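These are the residues of each chain, in order.
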Amino acid sequence: MQPFADAATQTCPYCGEEVEVDVDSLGASSEAYVEDCPVCCRPWEVKVTRDEDGALVTLGRDDD
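Thresholds applied
Residues numbered from 1 in each chain as written. Predicted model: local features only at pLDDT ≥ 70, side-chain atom pairs only at ≥ 80, totals over all residues. Heavy atoms only, no water. Helix = DSSP H or I, 4+ residues; strand = E, 2+ residues; numbered from the N terminus. Buried < 20%, exposed > 50% of the residue type's maximum accessible area, 1.4 Å probe, protein only. Pairing = 2+ DSSP bridges.

### What about unusual backbone geometry?
Phi angles above zero are rare outside glycine, and C41 is one such case at about 65°. With respect to the helices, strands and loops of the structure, C41 is situated in the loop between β3 (30-36) and β4 (43-51). Under the relative-accessibility criterion, C41 is labelled exposed at 54%.

In structure tokens, the structure reads:
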């Protein structure tokens, strides 16, 4: 069975590196969680919004 995760390319709000964030294409219409940057290890606030066009991912600083 194939996983339903998609990769979204984003820029880390701390170190500025481009990173891939795996998100499920199915799920709640919106969600937020904390994930660490694989480059600088700082915590992001990941916000995912889903609609009929797919998932929109945004990263924010966890210390804002």
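From this point, things continue past the structure.
### Structural notes on the pairing of β4
Looking along a regular strand, one sees side chains alternate from face to face of the sheet. Of the two faces of β4, the one lined by W44, V46, V48 and R50 is fully buried and the one lined by P43, E45, K47, T49 and D51 carries no buried residue. As paired elements, β3 and β4 share seven bridges and run antiparallel to each other. The residue bridging Y33 from the neighbouring strand is V46, located in β4. Once β3 ends, the chain turns through six residues before running back antiparallel as β4, passing C41 with a positive phi of about 65°. Connecting the antiparallel pair β4 and strand β5 (residues 54-61) is a turn made up of two residues.

### Let's talk about the pairing of β5
In this sheet, β5 lies alongside β4 in antiparallel orientation, the contact comprising eight bridges. Paired with R50 across the strands is A55, a residue of β5.

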